[in-house]
Amino acid sequence: MSAEATVRERPSGRPPLVEQYRLMALIRRFEDRATELFHEGVIFGTAHSCVGQEAIAVGAGGVMRETDYLVGHHRSHGHLIAAGADLRRMMAEMFGKRTGYCKGLGGSMHIADLSLQILGCNGIVGAGLPHATGAALTAKLRGASQAVVAFFGDGAAGQGATHEAMNLAATWSLPVVFVCENNQFALSADWWVQRAVEDLAGRAAGYGMPGEIVDGNDVVAVEDAVERALARARDGDGPTFLEMKTFRRMQHSMRANLPDVRDATLVAEWEARDPLPRLERLLRDRGELDDEGLDKLTRGVEGDVEHAISTALADPDADPADLMPAVLAPQRSHLAPAAETERKLGFVAAVRESLELELEADPDVLVIGEDVGRVGGLFRATEGLYERFGAERIRDTPLTESGFVGCGIGAALTGLRPVVELQFSDFAGVAFDQIMNQAAKLRFMMGGAPSIPLVLRMVSGGGIRLGAQHSQSLEALFAHLPGLVVVMPSSPFDAKGLLSAAIQGDNPVVFLEQKQLFFGEPEPVPAERYGIELGVGRIVRAGSDVTVVALGALVPQAVRAARELESAGVSVEVVDPRTLAPLDTGLIAASVAKTGKLVVAHEATRFCGFGSEIAAHVAEQCFWDLDAPVVRVGAPSHPIPYHKDLEAATLPGTAEITAAVRSLAAV
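Residues numbered from 1 in each chain as written. Predicted model: local features only at pLDDT ≥ 70, side-chain atom pairs only at ≥ 80, totals over all residues. Heavy atoms only, no water.

Caption draft 1: Spatial organisation of the confidence of the model for the chain. With 98% of its residues at a pLDDT of at least 70, the chain reaches an overall mean of 94. Every residue in residues 1-6 scores below 50 in pLDDT, and together they form 10 contacts with partners more than four places removed in sequence or on other chains. (pLDDT = per-residue confidence, 0-100. Contact = heavy atoms within 4.5 Å.)

Caption draft 2: The arrangement of the sheet that holds strand 19 (residues 631-635) in detail. Spatially, the 5 strands line up as an open sheet ordered 14-16-15-18-19, and their pairing is mixed. Each edge of the open sheet is held by one strand with a lone partner, namely strand 14 (538-541) and strand 19. For this sheet, the mean inter-axis angle between neighbouring strands, taken without regard to orientation, is 25 degrees. Note that strand 15 (residues 546-550) and strand 16 (residues 572-576) share 4 bridges and pair parallel. (Pairing = 2+ DSSP bridges. Helix = DSSP H or I, 4+ residues; strand = E, 2+ residues; numbered from the N terminus. Axes fitted to C-alpha atoms, helices over the stretch in contact; angles between N-to-C directions.)

Caption draft 3: Looking closely at the packing of aromatic side chains. Applying the stated rule across the entire model yields 8 aromatic pairs. Summarising the aromatic geometry, the rings of Phe-247 and Trp-270 are spaced 5.7 Å apart at their centres and angled 10 degrees between planes, so their arrangement reads as stacked. Of the two residues, Phe-247 sits in the loop between strand 5 (240-245) and helix 10 (264-271) while Trp-270 sits in helix 10, which places them 23 residues apart along the sequence. Looking at Phe-247, the relative accessible area reads 2%, which means it is buried. On the accessibility criterion, Trp-270 (8% relative accessible area) is buried. Ring centres of Phe-493 and Tyr-530 lie 5.0 Å apart, and the angle between their planes is 25 degrees; on these two criteria the pair is classed as stacked. Of the two residues, Phe-493 is situated in helix 20 (residues 492-504) and Tyr-530 in the loop between strand 13 (523-524) and strand 14; the sequence distance between them amounts to 37 residues. By relative accessible area, Tyr-530 is classed as buried at 3%. Through pairs of rings, three or more aromatic residues link up here, namely Phe-347, Phe-379, Phe-424, Phe-427 and Phe-518. Here the guanidinium or amino end of Arg-395 rests over the ring plane of Trp-172, the centre of that ring lying 4.2 Å away. (Phe/Tyr/Trp six-rings, centres within 6.5 Å; stacked < 30°, edge-to-face > 60°. Buried < 20%, exposed > 50% of the residue type's maximum accessible area, 1.4 Å probe, protein only. Lys NZ or Arg CZ within 6 Å of the ring centre and 35° of its normal.)

Caption draft 4: Molecular detail of the state of the cysteines. Inspection of the entire model under this criterion finds 0 disulfides. With no disulfide of its own, Cys-407 lies 19 Å from the sulfur of Cys-121, the closest cysteine sulfur. (Disulfide = S-S within 2.5 Å.)

Caption draft 5: Fine view of the nonpolar core. In terms of nonpolar packing, the biggest core is built from 77 residues, with Val-176, Phe-178, Val-405, Leu-456, Met-458, Phe-478 and Ile-614 touching the most fellow members. When residues of this core are assigned to their parent elements, the largest contribution, 7 residues, is made by helix 16 (residues 401-413). Leaving out residues up to four positions away in the same chain, Leu-456 has contacts with Val-405, Val-420, Leu-422, Ile-435, Val-509, Val-510 and Phe-511. Counting residues in hydrophobic clusters, the runner-up holds 66 residues, among them Ala-34, Ala-47, Cys-50 and Phe-95. (Core = buried A, V, L, I, M, F, W, Y, C linked by side-chain atoms within 4.5 Å.)

Right under this line is the structure:
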C-alpha cells in the first residue's frame, strides 16, 4: 500500500518524515542550483542530476547505520547528501577547488568521503559494484554488523561487472543491498533497447537472492524495503536486489548537448509522480507540515545551498602541487635479512613462503583467486595455505576476474590487504577496467586520500607451450598506467622480498612472475620474513664495458651471456630494475655513465616494449655518457606460437643478448 494511502505510526529509529522531506528538498535545491551554475559557466565539464530520484537516496539513508558502507555511481549527489556529506565540500569539488572532497582532482562523478564510509562514486557504469562486495567481505571477515548499500542505474544492469558482483556476493553470502535506480532510460535508450524484460528484479532468482520491485518515488516504501534487506544482510543471509522504479526528470547530464528523445507523454506521466509534492501531501495529511512550516523549511534549504556555493567559490583552486603525491602513497623501507644462508628455494617456493609469512604476520592479509584453495594454485604457489589458514582467508572464486579484482579493491579500501591471483597476465584483459580505471585511479580521484594495499599476482611470459593467450609479457602495458606499482622479480630471493614488500605496502601492485623462472635452479633464500624496497634496482653482476639492463626471466640469461663474454675479454654489468614503476633510473644512469654502452633485454615484444622507455630515458638523461646507440633485445611483433620450436625461436635469450653486447663491444 502506498504511503499516501495510509497514516500509521512511524517506526522508532527512523528520522522524522519532515526531516526526510527537508533532505529531499535539499538535494533538489542542490541539483537545481548546480544545473544553473553549469549553464552559467561556473561548473565545467559535466555533472549528472538526480532530480526525480531523491526519495531513493533519502529513504535508504534513513535506515542505514553510520557504520554501513555506501557505494554510489555517476549520479550520486543525492546519495552523498543523504549520507551526511558536506555541501560546501561537494560544491567545491564541482568548482575544482582544493577544499573539495577530492581536492578538485576527481570532480562530480568521483566524490567520496571515507570518514562517512562513502567508498566513492564512479564514472564507469557498474564498476563500483565489485567494490561493494569487497567492503562487504571486510565486514563479514571482521564479524562487524556492517552492511553495504550499492546504488546503480538500470543501464548498469547490462554490464558484466554488475553480474559478476551479484554472483560473487550471493556465492559468498555477503551483506550487500543492491539498489537499482530504474529511471527508465540509460543515456537515451529505453528499457526495451537494453534488455528483453522490463523488470530487473526478476534476475535476482538467478543469483540465489531475493528480488523486490519498490516504488522508488515513495520514501516510506523505500525505507521499508531497504530496512528489510539490511536486516537480512546483518543476519548473515546474504544480498538482496531491490529494483526502485523511478524517473530521471532531467537529461542524462547537465551538459545537455543532446536532444531529449524521451516520449513527452511518459515524461508528463512521471512528472505527476514527483516524490517531493507526493511526500508534501502526506505530511499535510498527517498534520506535520503547513504553509508556514513549508516556507520556513524552503528558506532554510535555500540558505544552506547558497552558503555552500558562496563559501566554496571563495576557496582556492586546485593546486598542481597535489597532483603527483595523489598518485601513489610513499613506499615503505624494509630491513634486509639478518644473515646470508645456504638454504635454497625455487622461485615458486619463495613466492609461497612470502605469502605464508605475510598471512601469519597480519590477519588482514588474504588470498583471492581462481583455484588458489584446495588445488593450491595452477602453479602451486598457494599449496598448503588453504589447509593452514582456511577457506575464509584463502578464497576460491568464481571465474569472474572483473568481479574478484574489484572485490579486492573494495576490500583494500576498507582495511584488508588482499592478494589477488589472476593465474595468467593475459587474463588481466578480462578485468582491465578494474585495473586501469579503478585500482590505478581511485587514490588520485579521491585526492590522494585512501590507501589501496592490493597485490595482483600474475604469471607472465612464455616458455611452456601454452600459446598466444597464455604467454604474453604485458609489463609495459601496466607500467604505462599511473597509480600502479609494477614489480618483476628475477630470482627466488627477490621474489620473496619484493612480494612481502608489496603486501605490506599501501599501493596497488602488479606482481609479475615469469614462467621461465619457475624452472631455474634453487637459490639461497633466508627463512625469515624480509622485504625489498619497491622502486630500488640492483647490480646483479658488476662490469665495466657494457651495461645490460634485463627484465625478469632475461636477468639470468644476461648473467649467462656475461659469463660467456668474460672469456672473450668483454666485461658486462647486469642491472635488474626489479620494479618497473617506479623505475630506479638513478641506478641505470650510474651504470651507463661507467660503461658508456647499453643493451636492454626483455621477453616482451621489442616494439613498444618496456625497453623502449629505458632507452628513451637514457637517451634523454645520459646522452653524453653514451659511446654508441642503445641496442634493444626483445621478441618479434607477433603473438607467441604454440609449436615448441617456433616458441623457442620467438623468445629472446642468452644468444640474442650475447650478440647485442658483441655488436657494441666492437664499436
